[in-house]
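Here is what each chain is made of, one letter per residue.
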Amino acid sequence: MYQGNPDREQHNAEKPPPSSAGGAQETIIVVGQEGQVKQPQLERRKGKLASKFPLVNISRNLLLAYQSLGVVYGDLSISPLYVYRSIFAGKLQDYQTPEAIFGAFSLIFWTITLIPLLKYVFVVLSADDNGEGGTFALYSLLCRHAKFSLLPNQHAADEELSAYKYGFAGQSTSSLALKRFLEKHKKSRTILLIVVLVGACMVIGDGILTPAMSVISSMSGIKAAAEHLSHGEVLLLSCLILVGLFALQHSGTHRVGFLFAPIVIIWLISIFGIGLYNVIFWNPKIVSALSPYYIIKFFRETRKHGWMSLGGVLLSVAGTEAMFADLGHFTACSMRIAFSFLVYPCLVVQYMGQAAFLSKNIASIPNSFYNSIPESVYWPVFVIATLASIVGSQSIITATFSIVKQLNALGCFPRVKIVHTSKNVKGQIYIPEINWILMILTLSVAVGFQDTILIGNAYGLACMTGMFITTFLTTLVMIFVWQRNIALATCFLLLFWFIEGVYLSSAFTKIPQGGWVSLVLAFVFLFVMFVWHYGTRKKYNFDFHNKVPLKWLLGMGPSLGIVRVPGIGFVYSELATGVPSIFSHFVTNLPAFHSVLVFLCVKSVPVPYVSPEERFLIGRICPRPYHMYRCIVRYGYKDIHRDDGDFEDLLIQSIAEFIQMEAVEPQCSSSETPSFDGRMAVISKKTVQSTSTLIVSEDFGMSDAIQSSKSLTLQSLRSAYADENPQMRRRRVRFQLPENPSMDPAVRDELQDLIQAKEAGVAYIMGHSYVKARRSSSFLKKFVVDIGYSFLRKNCRGPSVVLNIPQISLIEVGMIYHV
């Protein structure tokens, strides 16, 4: 049984007995001022049992494994194009011997075995958030099991979501002490958020560097075969491919998704065959380099220069983070099958074959991959390599879109346009602004460096930093979510931090040789994220501390001391409780308001997806004669805010269902008690559709609505709007009360008032805020708020556009926030 945390903005909850309608059993959770939460654990236990036996549907896992090859493993699979060339660049050119090549291959083999296979396949892929992976999946898990979130808009009812997983019942003393320490100190939670944001910045950096790295590497094969082409011509061709790659993003990966997997499979089979041929033909003794003894021998010979060359070795595992980031599109079992049985052996044999070839052809190191290809299959392999590099770039660009979407949902990134490119796959999205920014930055990197060695230095630093952060967050998940022993989690942390720390330290030595690009990109994006999150949090705290007192509303009576005009007013606010200050500001300047008021809060919760049946949380503010309601619309951090067109009608039906339920459920019938705010109920969409509280009829055509207005000007405006929006003209919903003599007269009157208000019209009221730092604030705070945050707000999409609010019904109230 869940006990609410008293220091969060929340209300305890209690759940009435489940009711059945239309043959389907519905669970309704009512949130009151008193009581405790009774968790519906049955569905969660079924989900957990299903997740423990992923092989019950082998054909599905095999199909997903096939699809994952084209989406996830493209970046990782094309690394043989440039790894050996990057390793032996710089001062390691003086150690180009067969022994050094054997040692380099041994390093590559054990790096692939320890990091992608051991760490990610066997451990990290299990740290999913309801099937979702990535840095923010780990962070959301931690925020749900401990109070690590800095945004204070959590609600007790959020913990009743079916996607909200609970940890084990008990906690060890040591983990509980660590949890209390992190929760108590705000600086530790701020540091944790910064660490997560740095990981997100590195993924975005990968989205910039990967296309430039992979396309230029693949196009180097043209110069190797056609020597008459100049370096500038090859670079121009690479830039044209990059422009075409970003220009095609708007169509969505679902259109060509099934074409990607065959390309990667053909590519993997090709490099496996070439590698096996080179091992047999050039030097079969390379098999002995699988022994880690050759690593010791390599460092004994190269010493400091060998350590500095590790920045090239880590490129062999670049793209591994995509295995976890794209987990939501597949299953952990399918991705384990694809990597363990195809990707891993093909890469190992290819690197072994290249090493065997280079041990007999030392001079071919600068273009090792293409020189190791037999002449009879050179051009087919070159075409496949080019296509595979495009596929690899596509996967990281898509992952960047997903990261930005999650950042936006958690209040850490300015509002952008998010286009859902597939009706069937939730995670396939396209963000136009981010796409063109990525293209400009990628072309700048490609033209500015023109060398895969320099780009690879930046690329390796970004990849290894992301892996380093994932290890840290996975360790916290082991302690707080999995309830593992701290000693065991510490062993995992120290083992992989030691391995990754060695690579990361080597990558930092390459900062002057191109690695600084990753740091500059990370700093710019981190500054944008932190400034936006800081401003959003300060604005929310201002709203929270300046709420309209409920006693003031009750003292004014049902008319609120103003004129209540016909219609419904949807007042948008970020507050999950209380009446926002925008309401009093509006009433002060224009003493009239609608007869029915609905305070809407659209918020993100720390779960990947919220089912439509649990999206609406309905409650009442003040006694029944006031006609004031609250609706919390909840979305997960991977949900898409779609414009379904029926949001307004569904909300009216949900409020009507709440009014009816309040009259018959004893838990909801105490609206005349002194506490009038906080009682909430989850109104399922299925419940609304299966009950008959209101009779819904559809009217195709808007001529009646247009002519019903007495104002000729308003008639012309509505007519013009209808001409521009034909979909609005085709469908209009009307509500009627059913003939039910047993209905409570008070409930019937309230429902009739709701219907009449809906017929009179709907207006959307939203604050147009200006955030300013106080005069007493420090110079740094004034710079962040007055310059940084204000600039981002002016140049991002408005909240009304993101929330799909019709502009013709929008009323904006200007307010100045002194934070």
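Going by the annotation in an unreviewed UniProt entry, the name recorded for the chain is Potassium transporter, with Nicotiana tabacum given as the source organism. Quoted verbatim from the Sequence similarities (unreviewed entry) field of the UniProt record, the comment on the chain reads "Belongs to the HAK/KUP transporter (TC 2.A.72.3) family."

Q: I'm lost on the overall build of the chain in this one. Help?
A: For the chain, the count of helices and strands is 31 helices and 14 strands. For the chain, the proportion of contacts with a sequence separation of at least 24, taken over those separated by at least 6, is 83%. For the chain, the exposed area adds up to about 34100 Å²; of that, 62% sits on carbon and sulfur atoms.

Q: Looking at this model, I keep getting lost on the environment of methionine 661. Mind explaining?
A: Within the secondary structure, methionine 661 is located in helix α24 (residues 647-664). For the pair methionine 661 and isoleucine 683, spaced 22 residues apart in sequence, the C-alpha separation works out to 9.6 Å.

Q: Quick question: what am I supposed to make of helix α23 (residues 581-589) here?
A: Because each turn of an α-helix spans 3.6 residues, side chains separated by three or four positions in sequence point in the same direction. Considered for burial, the residues of α23 that qualify are Ser581, Ile582, Phe583, Phe586 and Val587. Contact partners of the buried residues in α23: α21 (511-545), α22 (550-556), β6 (563-572), β7 (592-605), β13 (762-772) and β14 (810-818).

Q: Teacher, can you tell me more about the packing of helix α5 (residues 98-121) against helix α20 (residues 486-508) here?
A: What describes two packed helices is the angle between their axes and the distance between those same axes. In the contact formed by α5 and α20, the axes pass within 12 Å of each other and the chain directions differ by 140°. Looking at the two axes, α5 sits oblique to α20. With respect to the hand of their crossing, α5 and α20 are arranged in left-handed fashion. For the pair α5 and α20, the contacting residues are Leu107, Thr111, Leu114, Ile115, Leu118 and Lys119 in the first and Phe492, Phe496, Ile499, Glu500 and Tyr503 in the second. Here the residues of the contact of α5 with α20 are counted per class, giving 8 nonpolar, 1 polar and 2 charged.

Q: Any chance you could explain unusual backbone geometry here in plain terms?
A: Residues other than glycine predominantly adopt negative phi, and peptide bonds predominantly adopt the trans conformation. In the Ramachandran plot, glutamine 483 falls in the positive-phi region, its phi being about 60° despite a non-glycine side chain. With respect to the helices, strands and loops of the structure, glutamine 483 is situated in the loop between α19 (452-480) and α20. The residue cysteine 622 is not glycine, and still its phi comes out positive at about 70°. The topology assignment puts cysteine 622 in the loop between β8 (616-621) and β9 (628-636). Taking the relative accessible area as the measure of exposure, cysteine 622 reaches 0% and is therefore buried.

Q: Any chance you could explain the pairing of β9 here in plain terms?
A: Moving residue by residue along a regular strand, the side chains alternate between the two faces of the sheet. Burial runs high along β9: 9 of the 9 residues are buried. Residues Met628, Arg630, Ile632, Arg634 and Gly636 line one face of β9 and the alternating positions Tyr629, Cys631, Val633 and Tyr635 line the opposite face, and both faces are buried. Alignment of β7 against β9, held across 9 bridges, turns out to be parallel. Residue pairing in the sheet places phenylalanine 599 in a bridge with arginine 630 of β9. Between the antiparallel neighbours β8 and β9 lie 6 residues, among them cysteine 622 with a positive phi of about 70°.

Q: Whenever I open this one, the pattern of salt bridges confuses me. Can you help?
A: Should their charged atoms come close, side chains of opposite charge can pair. Within this structure, the stated rule accounts for 10 salt bridges. Residue arginine 615 is joined to aspartate 639 by a salt bridge in which the shortest nitrogen-to-oxygen separation is 3.8 Å. Within this pair, whereas arginine 615 is found in the loop between β7 and β8, its partner aspartate 639 is found in the loop between β9 and α24, the two being separated by 24 residues in sequence. Per residue, the accessibility class of arginine 615 equals that of aspartate 639, and both read buried. Salt-bridge contacts for glutamate 648 lead to lysine 758; the nearest nitrogen and oxygen are separated by 3.7 Å. Here glutamate 648 is found in helix α24, whereas its partner lysine 758 is found in helix α29 (residues 745-760), with 110 residues between them in sequence. Within this structure, Lys539, Asp543 and Glu574 form a network of salt bridges that share partners.

Q: For this particular structure, what's the right way to read a nonpolar patch on the surface?
A: Among the surface-exposed residues, Trp516, Val520, Phe523, Val524, Phe527, Phe779, Leu780, Phe783 and Ile787 lie close enough to one another that they form a single nonpolar patch of about 970 Å² accessible area. Elements supplying a minimum of two residues to the nonpolar patch: α21 and α30 (779-794). Mapped onto the secondary structure, valine 524 falls in helix α21.

Q: Where do I start with the side chain of serine 581 in this structure?
A: Examined against the element boundaries, serine 581 turns out to sit in helix α23. Excluding residues that lie within four positions of it along the chain, serine 581 makes contacts with Asp543, Asn546, Val548 and Met815.

Q: Would you mind showing me how to read the nonpolar core here?
A: The nonpolar side chains of soluble globular proteins are, as a tendency, buried together. One finds Tyr73, Trp267, Phe339 and Leu407 to be the most contacted residues of the largest nonpolar core, which totals 165 residues. Among the elements that line this core, the one with the most residues is helix α8 (residues 186-225), at 17 residues. If sequence neighbours within four positions are ignored, leucine 407 has contacts with Phe136, Leu197, Ala200, Ile204, Cys412, Phe413 and Met529.

Q: Just checking my understanding: could you explain the confidence of the model for the chain for this structure?
A: Should pLDDT be low for a region, the predicted coordinates there are not to be read in detail. Chain-level pLDDT for the chain is 80 on average; 80% of the residues reach the 70-or-more range. Segment residues 668-675 is flagged for pLDDT under 50; beyond a separation of four residues in sequence, or across chains, it makes 12 contacts in the model.

Q: What is the right way to look at the environment of alanine 247 in this model?
A: Assignment of secondary structure puts alanine 247 in helix α9 (residues 231-247). For alanine 247 and proline 432, which are 185 residues apart along the polypeptide, the C-alpha to C-alpha distance reads 9.9 Å.

Q: Is there a simple way to explain the side chain of serine 393 in this structure?
A: Along the chain, the position of serine 393 falls in helix α17 (residues 378-409). For serine 393, a relative accessible area of 0% gives the class buried. Only 2.9 Å separates the side chain of serine 393 from the backbone oxygen of serine 389, close enough to count as a polar contact. Dropping the residues within four chain positions of it, serine 393 is found in contact with Thr210, Pro211, Ser214, Val215 and Leu245.

Q: Can you help me understand the packing of aromatic side chains in this one?
A: In this structure the tally under the stated criterion is 28 aromatic pairs. Taken together, the ring pairs in this structure connect Trp267, Phe369, Tyr370, Tyr378, Trp379 and Phe382 into an aromatic cluster.

Q: Looking at this structure, how should I read the packing of α9 against α17?
A: It is the contact of α9 with α17, at a shortest axis distance of 11 Å, that shows an interaxial angle of 45°. One way to sum up the angle between α9 and α17 is to call them oblique. The two elements α9 and α17 meet at a crossing, and its hand is right-handed. Facing α9, whose interface residues are Ile241, Leu245 and Phe246, α17 presents Thr386, Ile390, Ser393, Gln394 and Ile397. Taken together, the residues of the contact of α9 with α17 break down into 5 nonpolar, 3 polar and no charged.

Q: So what exactly am I meant to see when it comes to the environment of valine 520 here?
A: Locating valine 520 in the fold gives a position in helix α21. Take valine 520: its relative accessible area is 42%, and that puts it in the partly exposed class. When the C-alpha atoms of valine 520 and glycine 205 are compared, they prove to be 9.6 Å apart, with 315 residues separating the residues in sequence.

Here is what the cut-offs are and how they apply
Residues numbered from 1 in each chain as written. Predicted model: local features only at pLDDT ≥ 70, side-chain atom pairs only at ≥ 80, totals over all residues. Heavy atoms only, no water. UniProt positions renumbered as here; feature names shortened; annotations may be inferred. Helix = DSSP H or I, 4+ residues; strand = E, 2+ residues; numbered from the N terminus. Contact = heavy atoms within 4.5 Å. Areas by Shrake-Rupley, 256 points an atom, 1.4 Å probe, with all protein chains shown as cover. Buried < 20%, exposed > 50% of the residue type's maximum accessible area, 1.4 Å probe, protein only. Axes fitted to C-alpha atoms, helices over the stretch in contact; angles between N-to-C directions. Parallel < 35°, antiparallel > 145°, perpendicular 65-115°, else oblique. Left-handed = near helix turned anticlockwise from the far one by under 90°. Nonpolar A, V, L, I, M, F, W, Y, C, P; charged D, E, K, R; others polar. Pairing = 2+ DSSP bridges. Salt bridge = Lys/Arg side-chain N within 4 Å of Asp/Glu carboxyl O. Patch = residues over 30% accessible without salt bridge, like charges linked within 9 Å, V, L, I, M, F, W, Y side chains within 5 Å. Core = buried A, V, L, I, M, F, W, Y, C linked by side-chain atoms within 4.5 Å. pLDDT = per-residue confidence, 0-100. Polar contact = N/O pair within 3.5 Å; in protein donor to acceptor, adjacent residues only side chain to side chain. Phe/Tyr/Trp six-rings, centres within 6.5 Å; stacked < 30°, edge-to-face > 60°.

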